[in-house]
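Listed below, chain by chain, are the residues.
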Amino acid sequence: MSDGFDITICCMGAGYVGGPTMAVIAANCPRVRVCVVDLNQKQIDAWNSSTLPIYEPGLPEVVDKCRGKNLFFSTDIDAEIKKADIIFISVNTPTKTMGIGAGRAANVKNCELCARKIAEVSESGKIIVEKSTVPVRTAQAVRRVLECNDKGLKFQVLSNPEFLAEGTAIPDLMAPDRVLIGGVQSPEGIKAAETLVSVYANWVPKEQIITTNLWSSELSKLVANAFLAQRVSSINSISALCEATGANVSEITRAVGMDNRIGKRFLNSSIGFGGSCFQKDILNLVYLCETYGLNECAEYWNQVIVMNDYQKKRFSEKMVSSMFNTVTGKKIAILGFAFKKDTGDVRETPSMFVVRDLVMEQAKVHVYDPQVSREDMWTEMNYTCNLSEGTHPGLGAAVTTSTDAYAACDGAHALAVLTEWDEFKDLDFEKIYKSMAKPAFVFDGRNILDHAGLREIGFEVHAIGKPDPNKFSDL
């Protein structure tokens, strides 16, 4: 406790999870001092400016309300660790790219480094909270590192996974379905969990705060994301069958989703899931199953990834085959590069793989996204696809970033909607049609457009899981 506050919180990591989560805690807990720390000075400067480092609806208002009062952003990590009663570890845990488990296992190096820093500089015992998504039993490693401090300090380690969704992070944090807190089932562990419960109880009903043992909490986050991704891959597999048989995936979704045992959420077919969590967490789950000799379980969950990759590739191949089996030299407009609407996050975005495939086919790709910068696009393309000017000379000239959707579509042979931004529904498609080469193709990878209306204008329309009227005469 310091400066008149009841509790002092430090969050290590100023990214997509740490920043919004701490802002919401500060907004709902005026008696709690919250400081987000990071090594990246540029990131911290952005959090302290009017241009936040991430785009999330509602986030600027929450930050503005609390910043400088009980919400702070700093690179003085040591000082903030010393002040804190509770320290959240909210750092990146990427999939390993080399070594044992490469391509599947999570790299928890950053979590260990945080634990070592806490043990090094702390002057009193603290509650350490895993906020990062980690493999089950990571807390054991964190606890062992902390126990090795040479000052006789006692630490309690809790697991408090995040369940927010990008694009709706603020409402998800303000009114969560549940808050999950896992701890060691000892008097000290239970007391630590109760302390964290008291923070969330400032705005979350007690019945929605679940306490479990450490390992159940750690594993629950992986399982939640695996189940959500599984639903996306399940309906996407059906979308391929719909296109082959003349069935309509939207009608299938409605019929199936009205069954209360199944529900309507996460049944929208698309070009596939993206983002930083789903693929990483499923691959982590696959590796865990393999590690414990549960090979059939590993193969089951890996199929979710296989189906997602198939859906992205299938979309690219359909674009090429529909356009007379060649897109070489043709201008293709890509509307949307973020992995979902209302975020600028491009990590593992399905759009990237479609762009890569079109570039490999020597198309001239023009990308428009209202929140994605060219720099962010190329950073992710290079990291995930090894696609850069260095690996593919002339790449920069082959991919143009457009200032608006109309510029991207002007003179294009086809447009593809790859992110479900609301603004794409309201475009003047008659104007776009007049500006495009003929025949003008539309590929709707999110099923958000009026396909019948587009066909009346003159477009040839192809959509995920929707029957092609040129193929079926009995629709």
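Heads up: the structure comes first, above all this text.
All figures in this text were calculated on a predicted structure; none of them were measured in a lab.

*Asks:* Which residues make up the nonpolar core, and what values do they have?
*Replies:* Within the largest apolar cluster, 44 residues are counted, with the highest numbers of intra-cluster contacts made by Ile9, Ile25, Phe88, Ile181 and Tyr200. Among residues more than four places away in sequence, those in contact with tyrosine 200 are Ile25, Phe88, Lys131, Asn160, Val179, Ile181 and Ile209. If you look at the next biggest cluster of nonpolar residues, it comprises 35 residues, including Met323, Ile332, Val372 and Met377.

*Asks:* Describe in detail the environment of glycine 329, supporting the description with residues and values.
*Replies:* With respect to the secondary-structure elements, glycine 329 resides in the loop between α12 (295-322) and β9 (331-335). On the basis of relative accessibility, which here comes to 40%, the residue glycine 329 falls in the partly exposed class. Separated by 33 residues in the primary sequence, glycine 329 and glutamine 362 have C-alpha atoms spaced 6.1 Å apart. Among all residues touching glycine 329, those that are not within four sequence positions of it are Gln362, Ala363 and Lys364.

*Asks:* Quick rundown of the sheet that holds strand β13 (residues 441-444)? Include the residues and the values.
*Replies:* Across the sheet, six strands lie side by side as β11-β10-β9-β12-β13-β14; this open sheet has parallel pairing. Of all strands in the sheet, those with a lone pairing partner are β11 (399-401) and β14 (460-463), marking the two edges. Looking at each pair of strands side by side, their axes are set apart by 20 degrees on average, direction ignored. The sheet contact formed by β9 and strand β12 (residues 414-417) spans four bridges and is parallel. Counterpart to isoleucine 332 in the pairing with β12 is alanine 414. Those strands touched by α12 are β9, β12, β13 and β14, and its axis lies near 165 degrees from that of β13. Against the sheet, helix α14 (residues 374-385) engages β10 (364-368) and β11, with an angle of about 145 degrees to β11.

*Asks:* Quick rundown of the side chain of aspartate 345? Include the residues and the values.
*Replies:* Along the chain, aspartate 345 falls in the loop between β9 and α13 (350-360). Within the structure, aspartate 345 has its side chain in polar contact with the side chain of arginine 347 (distance 2.8 Å). Dropping the residues within four chain positions of it, aspartate 345 is found in contact with Tyr16, Glu166, Ala338 and Phe339.

*Asks:* How would you explain the packing of helix α9 (residues 214-245) against helix α10 (residues 249-257) if you had to name every residue and give the values?
*Replies:* Running from amino to carboxyl end, α9 crosses α10 at an angle of 135 degrees, the nearest separation of the two axes being 9 Å. The angle between α9 and α10 places the two elements in the oblique class. Here the hand of the crossing between α9 and α10 comes out right-handed. Every residue of α10 that contacts α9 at Ile235, Ile238, Ser239 and Cys242 is listed here: Val249, Ile252 and Thr253. For the contact of α9 with α10, the residue count by class is five nonpolar, two polar and no charged.

*Asks:* Could you give an account of the layout of surface pockets, naming the residues involved and the relevant values?
*Replies:* Approximately 260 Å³ is the volume attributed to the second largest pocket. For the lining of the second largest pocket, the element with the most residues is helix α11 (residues 278-291), which contributes four residues.

*Asks:* Describe in detail unusual backbone geometry, supporting the description with residues and values.
*Replies:* Excluding glycine, residues mostly have negative phi values, and the peptide bonds linking residues are mostly trans. Between lysine 438 and the following residue, proline 439, the backbone shows a cis peptide bond with an omega angle of -5 degrees. Tracing the backbone through its elements, the reader meets proline 439 in the loop between α17 (429-435) and β13. With a phi close to 80 degrees, arginine 137 is a non-glycine residue in the positive phi region. Take arginine 137: it is sitting in the loop between β5 (127-130) and α6 (138-147). The class of arginine 137 is partly exposed, set by a relative accessible area of 36%.

*Asks:* Hey, could you go over a nonpolar patch on the surface for me, with residue numbers and the actual values?
*Replies:* Taken together, the side chains of Ile238, Leu241, Ile252, Val256 and Ile262 define a hydrophobic patch exposed on the protein surface, amounting to about 350 Å² of accessible area. Broken down by secondary-structure element, the contributors of at least two residues to the nonpolar patch are α9 and α10. By secondary structure assignment, the location of isoleucine 252 is in helix α10.

*Asks:* Tell me about the sheet that holds strand β7 (residues 179-183), and please be specific about residues and values.
*Replies:* Taken in spatial order, the eight strands line up as β3-β2-β1-β4-β5-β6-β7-β8 in an open sheet, and their pairing is mixed. For this open sheet the edge positions go to β3 (71-74) and β8 (209-213), each flanked by a neighbour on one side alone. Direction aside, neighbouring strands of the sheet carry axes that sit 25 degrees apart on average. Bridge count between strand β2 (residues 32-37) and β3: four bridges; the pairing is parallel. Bridge pairing in β3 links valine 34 to leucine 71. Those strands touched by α9 are β5, β6 (156-159), β7 and β8, and its axis lies near 115 degrees from that of β8.

*Asks:* A description of the packing of aromatic side chains should follow, citing residues and the corresponding values.
*Replies:* Aromatic ring pairs: the centre-centre distance and the angle between the two ring planes describe each pair. Taken as a whole and assessed by the stated rule, the structure comprises 11 aromatic pairs. With a centroid separation of 5.1 Å and an interplanar angle of 5 degrees, the aromatic rings of tryptophan 47 and phenylalanine 73 are classed as stacked. Of the two residues, tryptophan 47 is situated in helix α2 (residues 41-47) and phenylalanine 73 in strand β3; the sequence distance between them amounts to 26 residues. Its relative accessible area of 6% is what places phenylalanine 73 among the buried residues. Ring centres of tyrosine 433 and phenylalanine 459 lie 5.0 Å apart, and the angle between their planes is 70 degrees; this geometry places the pair in the edge-to-face category. Here phenylalanine 459 lies in the loop between α18 (451-457) and β14 and tyrosine 433 lies in helix α17, a separation of 26 residues in the sequence. There is no split in this pair, since tyrosine 433 and phenylalanine 459 are both buried. Three or more aromatic residues joined by ring pairs make a cluster, and in this case those are Phe227, Tyr300 and Trp301. Of note, lysine 312 hangs over the ring of phenylalanine 353, and the distance from its end group to the ring centre comes to 3.8 Å.

Calculation criteria
- Residues numbered from 1 in each chain as written.
- Predicted model: local features only at pLDDT ≥ 70, side-chain atom pairs only at ≥ 80, totals over all residues.
- Heavy atoms only, no water.
- Core = buried A, V, L, I, M, F, W, Y, C linked by side-chain atoms within 4.5 Å.
- Buried < 20%, exposed > 50% of the residue type's maximum accessible area, 1.4 Å probe, protein only.
- Contact = heavy atoms within 4.5 Å.
- Helix = DSSP H or I, 4+ residues; strand = E, 2+ residues; numbered from the N terminus.
- Pairing = 2+ DSSP bridges.
- Axes fitted to C-alpha atoms, helices over the stretch in contact; angles between N-to-C directions.
- Polar contact = N/O pair within 3.5 Å; in protein donor to acceptor, adjacent residues only side chain to side chain.
- Parallel < 35°, antiparallel > 145°, perpendicular 65-115°, else oblique.
- Left-handed = near helix turned anticlockwise from the far one by under 90°.
- Nonpolar A, V, L, I, M, F, W, Y, C, P; charged D, E, K, R; others polar.
- 1 Å grid on protein atoms, 1.4 Å probe; cavity = no way out; pocket = protein on both sides within 12 Å on 5 of 7 lines; lining within 4 Å.
- Points joined across faces, edges and corners; volume = space filled by probe spheres on them.
- Patch = residues over 30% accessible without salt bridge, like charges linked within 9 Å, V, L, I, M, F, W, Y side chains within 5 Å.
- Areas by Shrake-Rupley, 256 points an atom, 1.4 Å probe, with all protein chains shown as cover.
- Salt bridge = Lys/Arg side-chain N within 4 Å of Asp/Glu carboxyl O.
- Phe/Tyr/Trp six-rings, centres within 6.5 Å; stacked < 30°, edge-to-face > 60°.
- Lys NZ or Arg CZ within 6 Å of the ring centre and 35° of its normal.

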